[in-house]
Amino acid sequence: MIRLSAKSVENLKLASLYILSSSIVLRFDFLFGGANRFVPFRVLMLLTLFWFFAQFFEPFRPSRLSKATLFFLSIFLLYFSLAHLYWVDSMESLGPFLRNQFHFVYILAGYFLTNYLATDLSKDQIQTLVKFIIGLVLIVVSLETSLRYLMPTLDLNSESTDYLIEIYTGAQQGLSLDTFYFFKMSSVMFFDSNYVGAFLLIFFALHLFVDYRSILRRNLVSAIFLLLIFFTLSRAAIFVTGLWLAFNFWDSRSFVPKWVFAIICVMASILTLFIIQDNVAFTDGSFITKIQILEGLSGFFEQDLPTALFGLGYEVGGYLYSYMSGGYAHIHLAILLGELGLIGTLIYFAYWYFIGIQSGSKVLYIFIPFFIVGLSLADPWEVGYFWASAIIARL
């Protein structure tokens, strides 16, 4: 019989949490053919299996699920079963079928396993973990940023010789409004640096709740985060960061009437739009593409009832509402409606609501950036959002 002390079980949970958290940061997709989930997916699945079977042994003391958790999981599994009855006809092999299964398990385990591992740990232990992960993030993303700017022609995601020549020619002109796209597509972490920007927002949110020994250290870490977010050249991430800073300024300056500050922000936004629209916004292919994807959502009302309700699954659903045939709809609402349908999309956001009820209002620091950035570009299956939601509640 296995005999472990309570302290040993706690240490095992802490070690598992460090391994899980580190795997979320180590996202070098260029090593795995562009699969940015390669490392965390496998680590999370193995840890989930380990801790599931560990519950059968006495030292680990299986914990009862709350009624709210059981209710949510029951609704989720009911949808999961009904959707697969529809999806199975469009799946030509076992691989696509299993990939649909695992991506649901992936985001569920991202929150539930993290929450389970962190539950009995002290706040100091969680603080130490988050400081370690923030340090790891800053090192990894600094490496990513350096490589992307020093070798912008790397373009790890392209197999087109003509496109590589175009990137090389554009990069030689230096960074400008006309060439900044050439400095975004050689990320060693994700498909492009827009995803890196969204990824950094997760850890910046955690950083806001960390207790540092000095104001200087806090400000230094904040400055590094802001620089790295800026150098991702992700306008959505930079915009959300600007909103964050404005909100913090607004919230901390009680002598400034909030309605006055709100009017100033709105006027500044309108003025900025008028200044840049002729040069960037409406001549920008990326911006126009996003508008086209949102317009393409009107195609939802043209779908047959099963597709509208259940989507087409993970394999092909992300292409259903897009700016062109065969183009990936990189806005979260378009992705979710295409993959999960209306019912699945509602359940997906109900999952966020469930997490908010369980973890408290701090989760908004994860969800709001995800939702805003997701109107431009987002991966709704990014496990970092769900991992961070369990962690931030303990800070």
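For the structure, see preceding data.
Below you will find a few notes about this structure. All figures in this text were calculated on a predicted structure; none of them were measured in a lab. (Residues numbered from 1 in each chain as written. Predicted model: local features only at pLDDT ≥ 70, side-chain atom pairs only at ≥ 80, totals over all residues. Heavy atoms only, no water.)

### Describing the overall build of the protein
When its secondary structure is counted, the protein shows 15 helices and 0 strands. When each of the 395 residues of the protein is scored for burial, the buried share is 46%. In the protein, of all internal contacts separated by at least 6 residues, the share reaching a separation of at least 24 is 75%. Within the structure as shown, the protein displays about 20,200 Å² of accessible surface, and the carbon and sulfur contribution to it stands at 69%. (Helix = DSSP H or I, 4+ residues; strand = E, 2+ residues; numbered from the N terminus. Buried < 20%, exposed > 50% of the residue type's maximum accessible area, 1.4 Å probe, protein only. Contact = heavy atoms within 4.5 Å. Areas by Shrake-Rupley, 256 points an atom, 1.4 Å probe, with all protein chains shown as cover.)

### Concerning the environment of F371
Take F371: it is sitting in helix α14 (residues 364-374). A sequence separation of 40 residues divides F371 from I331, and the C-alpha atoms of the two residues are 9.7 Å apart. Filtering out sequence-adjacent residues up to four positions away, F371 remains in contact with H332 and F349.

### Re the packing of aromatic side chains
Using the criterion set out here, one finds 40 aromatic pairs in the structure. With 5.3 Å between their ring centres and 90° between their planes, F50 and W51 make a pair best called edge-to-face. Assessed through its relative accessible area of 41%, F50 is described here as partly exposed. For W51, a relative accessible area of 2% puts it in the buried group. Look at W51 and Y116: their rings are 5.7 Å apart centre to centre, the planes differ by 65°, and that puts the pair in the edge-to-face class. One end of the pair, W51, is in helix α2 (residues 38-54); the other, Y116, is in helix α4 (residues 94-118), with 65 residues separating them in the sequence. As far as the burial class goes, W51 and Y116 line up, both buried. Here the basic side chain of K13 rests over the ring of Y116, its NZ or CZ set 4.2 Å away from the ring centre. Over the ring of F38 we find R42, and its NZ or CZ is 3.7 Å from the ring centre. (Phe/Tyr/Trp six-rings, centres within 6.5 Å; stacked < 30°, edge-to-face > 60°. Lys NZ or Arg CZ within 6 Å of the ring centre and 35° of its normal.)

### A closer look at empty space enclosed by the protein
Following the criterion strictly, the structure yields 2 cavities of 30 Å³ or more and no others. Of the volumes computed, that of the largest cavity is approximately 80 Å³. Residue lining of the largest cavity: F72, F76, Y79, F104, I107, L108, L340, G344, I347, Y348, Y351 and W381, and that is the complete set. Elements with a contribution of two residues or more to the lining of the largest cavity: α3 (67-87), α4 and α13 (332-359). The element best represented in the lining of the largest cavity is α13, accounting for 5 residues. Counted by class, the lining of the largest cavity contains 11 nonpolar, 1 polar and no charged residues. Space inside the second largest cavity adds up to approximately 50 Å³. What lines the second largest cavity is simply A198, L201, I202, Y365, I366, P369, F370, V373 and Y385. (1 Å grid on protein atoms, 1.4 Å probe; cavity = no way out; pocket = protein on both sides within 12 Å on 5 of 7 lines; lining within 4 Å. Points joined across faces, edges and corners; volume = space filled by probe spheres on them. Nonpolar A, V, L, I, M, F, W, Y, C, P; charged D, E, K, R; others polar.)

### Side note on α14
Three or more residues of α14 are buried, namely I366, P369, F370, V373 and G374. End-on view of α14: buried residues confined to an arc of 125°, all on one side of the axis. (Arc of directions from axis to C-beta.)

### With respect to a nonpolar patch on the surface
Side chains of L49, F52, F53, F56 and F57 sit close together on the surface and give an oily, nonpolar patch of about 570 Å² of accessible area. Here F57 lies in the loop between α2 and α3. By relative accessible area, which is 42% here, F57 ends up partly exposed. (Patch = residues over 30% accessible without salt bridge, like charges linked within 9 Å, V, L, I, M, F, W, Y side chains within 5 Å. Salt bridge = Lys/Arg side-chain N within 4 Å of Asp/Glu carboxyl O.)

### Remarks on the packing of α3 against α13
Where α3 contacts α13, the two axes come as close as 11 Å, and the packing angle between them is 165°. Accordingly, the angle class assigned to the pair α3 and α13 is roughly antiparallel. You can see that α3 and α13 cross each other, and the crossing is left-handed. Contacts from A68, T69, F72, I75, F76, Y79 and W87 in α3 reach E339, L340, I343, G344, I347, A350, Y351, F354 and Q358 in α13. A per-class count over the contact of α3 with α13 returns 12 nonpolar, 3 polar and 1 charged. (Axes fitted to C-alpha atoms, helices over the stretch in contact; angles between N-to-C directions. Parallel < 35°, antiparallel > 145°, perpendicular 65-115°, else oblique. Left-handed = near helix turned anticlockwise from the far one by under 90°.)

### Let's talk about the nonpolar core
Ranked by size, the top nonpolar core spans 89 residues in total, and within it F203, L206, F225, Y351, F386 and W387 carry the most contacts. With 11 residues, the top contributor of residues to this core is helix α7 (residues 193-207). In this view, W387 contacts L20, S21, I24, G110, T114, I133, F203 and L206; residues no more than four positions away in its chain are not counted. Listed in part, the 9 residues of the second largest apolar core include L297, F300, Y321 and A334. (Core = buried A, V, L, I, M, F, W, Y, C linked by side-chain atoms within 4.5 Å.)

### A few points about the pattern of salt bridges
Going through the model one piece at a time under the given rule, you end up with 5 salt bridges. Linking R37 and D379 is a salt bridge whose minimum nitrogen-to-oxygen distance equals 2.7 Å. Here D379 lies in the loop between α14 and α15 (383-392) and R37 lies in the loop between α1 (6-25) and α2, a separation of 342 residues in the sequence. With respect to class, R37 is no different from D379; both count as buried.

### Overview of the packing of α7 against α15
Running from N to C, α7 and α15 point in directions that differ by 5°, and their axes come no closer than 10 Å. Overall, the two elements α7 and α15 adopt an arrangement that is roughly parallel. Listed contacts from α15 to A198, I202, F203, A205 and L206 of α7 are G384, Y385, W387, A388, I391 and I392. Among the residues forming the contact of α7 with α15, the class breakdown is 10 nonpolar, 1 polar and no charged.

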